[in-house]
Amino acid sequence: MAAVDSASVAPQASRWVCASTSGASGSGRSGAGRLLLTTPPRQRSAASCAAWRCVDGSLADARSSAFASTRDRRRATAGSCGDIHVSDGKHAHYSRHTMSAAERPAFYITTAIAYPNGAPHIGHAYEYISADAIARFKRLDGYDVFFMTGTDEHGQKMQQAAAAEGIPVEELAARNSDVFEQLDKTLDVSYDRFIRTTDADHQTASIAIWERMLANGDIYLDNYSGWYSVRDEAFYTEEETTLLDDGSRVSTDTKTPVEWTEESNYFFRLSKYQDRLLALYEEHPEFIAPATRRNEIVSYVKAGLKDLSISRTTFDWGVPVPGHPDHVMYVWVDALTNYITGVGFPDTESAAFQKFWPADVHIIGKDITRFHTVYWPAFLMSAGVELPKRVFVHGFLYNKGEKMSKSVGNVVDPLELVDEYGVDAVRFFLLREISYGQDGSYSHDAIVGRINSDLANEFGNLVQRSLTMVNKNCDAAVPTPGEFTAEDRELLDRANGLLERCRAEFDAQQMHLALEAIWLTLGETNKYFSAQAPWALRKSGTEEDLARMATVLYVTLEVVRIVAILVQPVLPGSSAKILDLLAQQGRTFADIATPLTPGVSLPAPEPVYPRYLEKKD
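The following paragraphs examine the structure supplied in this document. Sequence order as written defines the numbering, with residues in each chain counted from 1. Selection of residues for local features in this predicted model requires a pLDDT of at least 70, selection of side-chain atom pairs for listing and counting requires 80 or more, and totals for whole chains, interfaces and linings are taken over all residues. Each side-chain value is worked out from all heavy atoms of the structure, with water and hydrogens disregarded.

Looking now at the overall build of the protein. A run of H or I in DSSP becomes a helix once it reaches four residues, and a run of E becomes a strand once it reaches two; helices and strands are each numbered from the N terminus. Helices and strands together make up the secondary structure of the protein, namely 20 helices and 22 strands. Burial classification: accessible surface area is computed with a 1.4 Å probe over protein chains only, and a residue below 20% of its type maximum counts as buried, one above 50% as exposed, and the rest as partly exposed. Here the protein, with 617 residues, has 58% of them falling under the buried criterion. Any two residues whose heavy atoms approach within 4.5 Å are treated as being in contact. Sequence-distant contacts, at least 24 apart, represent 75% of the contacts inside the protein between residues at least 6 apart.

Okay, structure coming up:
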């Protein structure tokens, strides 16, 4: 590690971290040296900070070499901050300043694709927002991200919904998918592709995976008789259903109606993969998260797997089985394949497939865990395709603690929430309030509480108070700090440590814990601001107190800057406004290491997070 002689610089700063690809480390491009400085970069020559820092972060999803994908091995090439650098089982993090798009490490994230047989609900919004936050985080951390979401337009319930409306199913699919895509745009979801299972390339991919599984001897024709839920698009055994008092039968788990079905179907030899699936769960527990969901799936598979019906003949809205057009593929064969369609399958030698597959994480709801953690890996094993690295299962959302139901009348349109509270406030509430992976509840009071307490008071008030003082007392420019006290250094060190904490939490899909750490730091910053009382220092008017006021304001603005950069994945619109108020051009995580430059002119402050005021009758 490179070091700078503290005697050669003024003793008036906390630790600042910057990497150089030449000179400072003494190793040129063979390694990135880290500069631990006692002065901000503005007091050093430009040459000493020719590159942004390269900081190793923990790979929370560490995997054994036997399970490492070819894509991971391609990533692990020696280099400096301008190259991919992996050391001691850790990922390096990179700056966009020194790496082209082709050189940045890849990250592929997906949501489940939704059935557009009805309007989107808050659960859809929750999944899209949470996946978007992860995608944005990785982009800001120097990754080349591919983020895909979309709609599953095939299946019996789509055909039934169209028939109920008296319109062609193609029309229903196109109309309702447009609504889901517009929801993503309204929620500020930064997807790279919105896939629809009616897309031409997806038809090709679905046929290709079917032919691979057939060639492997895993598909055969037989007669199916059993219980089927149209709403779940799922087959159930007798033991998985419950007979109600009125003589009807429902799925015990989902409470959806099931109907007896008999037809000639193609089957997939799912039972053949029972032992391989159990070995996967045992050797790679990180494949399914959280642990409660993994335990449920392990128990389910240990109880014994039966071969799975994977075609239907009682309706025709789906991908035709190759060579047998009287059959359409079971909707989940079609739907799950979307994840590889998006990266170029069946062309496994394509640049996109080579770079992005296997997926880093599939984000799904707990009602479709079995499809993603049993059927999907078994299909891929049969087809000879690498498995995704991780499936993360989030919980359900409840309205004031009650399950959402049309009959109860408590289903909430996410667009109405955005209209009422604002998109950033809705995004923040869902990711701050709910422990990701667990069920959560929302209500008007809870949302307003987070807006007024966390956003308006804790963050917004701090931004407004500090910037207003700077505007009035520091010639509307970033103040020049004096010598930092122990309190100053402690707060700056805490803020500078947030990036590593957030990396660890986001890598584990625990965004709520990252936000908790950030807001605890904001709490400490508010305490610091109140204790240092820069307004009193201004009133005193002595040269010493005015210098101290400038230092306190500088430290406060520096924490605000770091926090504004870090919360961009969750609060993209409002954090951008704060960074505008700080006149910041550098907004990636690599830019955290470059502190505010004194003397930079700042615009007039404007409120960013107003309090929510109840509407009067």
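Turning our attention to the packing of aromatic side chains. Under the pairing criterion, centres of Phe, Tyr and Trp rings, with the six-membered ring standing for Trp, must be within 6.5 Å; the plane angle then separates stacked pairs below 30 degrees from edge-to-face pairs above 60, leaving the rest tilted. Across all of its chains, the model carries 25 aromatic pairs by this definition. Taking 6.2 Å as the distance between ring centres and 65 degrees as the angle between the ring planes, the aromatic pair formed by tyrosine 108 and tryptophan 357 counts as edge-to-face. Linking tyrosine 108 in strand β5 (residues 106–111) with tryptophan 357 in the loop between α10 (351–356) and β18 (361–365), this pair joins segments that are 249 residues apart in sequence. One cation-aromatic arrangement involves lysine 138 over tyrosine 143; the distance from NZ or CZ to the ring centre is 4.5 Å. Here, over-ring charges are defined by two tests on the NZ atom of lysine or the CZ atom of arginine: distance to the ring centre within 6 Å, and angle to the ring normal within 35 degrees.

Let us now look at the sheet that holds strand β15 (residues 311–312). The strand order across the open sheet formed by three strands is β15-β17-β16, and the pairing between neighbours is antiparallel. This sheet does not close on itself; its edge strands, each paired only once, are β15 and β16 (320–321). Alignment of β15 against strand β17 (residues 324–329), held across two bridges, turns out to be antiparallel. Bridged to arginine 312 within β17 is valine 328. Angles run from 0 to 180 degrees between N-to-C directions of axes, and those axes are lines fitted to C-alpha atoms, restricted for helices to the stretch in contact. Sitting on the sheet, helix α5 (residues 200–215) touches β15, β16 and β17, and the angle it makes with β17 is about 100 degrees. Only when DSSP finds a minimum of two bridges between them are two strands counted as paired.

The next subject is the pairing of strand β12 (residues 259–268). Note that strand β8 (residues 219–229) and β12 share ten bridges and pair antiparallel. When the bridges of β12 are listed, asparagine 223 appears paired with serine 264. Of the strand pairs in this sheet, β12 and strand β14 (residues 308–309) are connected by two bridges, and their pairing is antiparallel. Pairing of phenylalanine 267 across the sheet is with serine 309, part of β14.

This part takes up the sheet that holds strand β19 (residues 391–394). Read across the sheet, six strands follow the order β7-β6-β5-β18-β19-β13 without closing on themselves; strand pairing throughout is parallel. Edge strands, defined here as strands with exactly one partner in the open sheet, are β7 (193–196) and β13 (288–289). When β18 meets β19, the two strands line up parallel, connected through four bridges. If you follow glycine 365 over to β19, its bridge partner there is histidine 394. The strands touched by helix α11 (residues 369–383) within the sheet are β13, β18 and β19, with β18 carrying the most contacts at an inclination of about 140 degrees.

Turning our attention to the environment of aspartate 222. Structurally, the position occupied by aspartate 222 is in strand β8. For aspartate 222 and asparagine 265, which are 43 residues apart along the polypeptide, the C-alpha to C-alpha distance reads 5.7 Å. When near neighbours in sequence (up to four residues on either side) are disregarded, aspartate 222 contacts Glu263, Ser264, Asn265 and Phe267.

This paragraph deals with the pattern of salt bridges. In a structure, side chains of opposite charge can pair up when their charged atoms sit close to one another. Salt bridge criterion: a side-chain nitrogen from Lys or Arg within 4 Å of a carboxyl oxygen from Asp or Glu. Throughout the structure, instances matching the rule amount to 29 salt bridges. Among the ionic pairs, aspartate 507 bridges to lysine 138, the shortest N-O distance being 2.6 Å. Within this pair, whereas aspartate 507 is found in helix α16 (residues 498–507), its partner lysine 138 is found in helix α2 (residues 122–140), the two being separated by 369 residues in sequence. The partner of arginine 293 in a salt bridge is glutamate 296, and the shortest N-O contact between them spans 2.9 Å. With arginine 293 and glutamate 296 both in helix α7 (residues 291–302), this residue pair falls three residues apart, about one helical turn.

On a regular strand, each side chain points to the face opposite its neighbour's, so the side chains alternate between the two faces of the sheet. Taken across its five residues, β18 has five buried, putting it largely inside the fold. Here β18 shows no split at all, with Val361, Ile363 and Gly365 on one side and His362 and Ile364 on the other all buried. The sheet contact formed by β5 and β18 spans three bridges and is parallel. In the sheet register, threonine 111 faces β18, and the bridge partner there is isoleucine 363.

Moving on, we get to the packing of helix α6 (residues 274–283) against α11. Direction vectors running N to C along α6 and α11 enclose 110 degrees, while the axes themselves pass 10 Å from each other. When the axes of α6 and α11 are compared, the pair comes out roughly perpendicular. α11 is crossed by α6, and the crossing has right-handed handedness. Side by side, α6 and α11 meet where Arg276, Leu277, Leu280 and Tyr281 of the first sit next to Thr373, Val374, Pro377, Ala378 and Met381 of the second. Throughout, the term roughly parallel applies to angles under 35 degrees, roughly antiparallel to angles over 145, roughly perpendicular to angles from 65 to 115, and oblique to all others. Less than a right angle of anticlockwise turn of the near helix away from the far helix marks a crossing as left-handed, whereas a clockwise turn marks it as right-handed.

So, on to unusual backbone geometry. Here alanine 289 and proline 290 are connected by a cis peptide whose omega angle stands at -5 degrees. Among the structural elements, proline 290 can be located in the loop between β13 and α7. Note the cis peptide between phenylalanine 345 and proline 346, where omega equals 15 degrees. With respect to the helices, strands and loops of the structure, proline 346 is situated in the loop between α9 (338–341) and α10.

On to α2, then. Expected helix span is taken as 1.5 Å per residue step, with the number of steps being one fewer than the number of residues. Look at α2: 27 Å from first C-alpha to last across 19 residues, which is about the 27 Å you get at 1.5 Å a residue. The buried fraction of α2 amounts to 19 of the 19 residues, a majority that puts the element mostly inside the structure. At the exit of α2 stands glycine 142, carrying a positive phi of roughly 95 degrees.

Quick look at the nonpolar core now. Counting residues in each nonpolar core, the largest one holds 98 residues, and the members touching the most others are Ile109, Tyr421, Leu430, Phe459, Trp519, Leu566 and Ile578. It is helix α19 (residues 543–566) that contributes the most residues to this core, 13 residues altogether. Here phenylalanine 459 is in contact with Asp454, Trp519, Leu522, Val560, Val563, Ala564, Val567, Ile578 and Tyr609, once residues within four sequence places are set aside. Buried Ala, Val, Leu, Ile, Met, Phe, Trp, Tyr and Cys residues form a nonpolar core when they are joined through side-chain atoms within 4.5 Å. Grouped together as the second largest cluster of nonpolar side chains are 71 residues, Trp227, Tyr228, Leu278 and Ala383 included.

What follows concerns the environment of asparagine 216. The topology assignment puts asparagine 216 in the loop between α5 and β8. Sequence-distant contacts of asparagine 216, defined by excluding residues within four places in its chain, comprise Lys272, Tyr273 and Ser382. One polar contact links asparagine 216 to aspartate 218, side chain to side chain, over a distance of 2.9 Å. The definition of a polar contact used here is a pair of N or O atoms within 3.5 Å, where within protein one atom must be able to donate a hydrogen and the other to accept one, and adjacent residues in sequence count solely through side-chain atom pairs.

Examined against the element boundaries, threonine 341 turns out to sit in helix α9. Contacts of threonine 341, omitting those with residues within four sequence positions, involve Arg193, Ile195, Asp201, His202 and Ala205.

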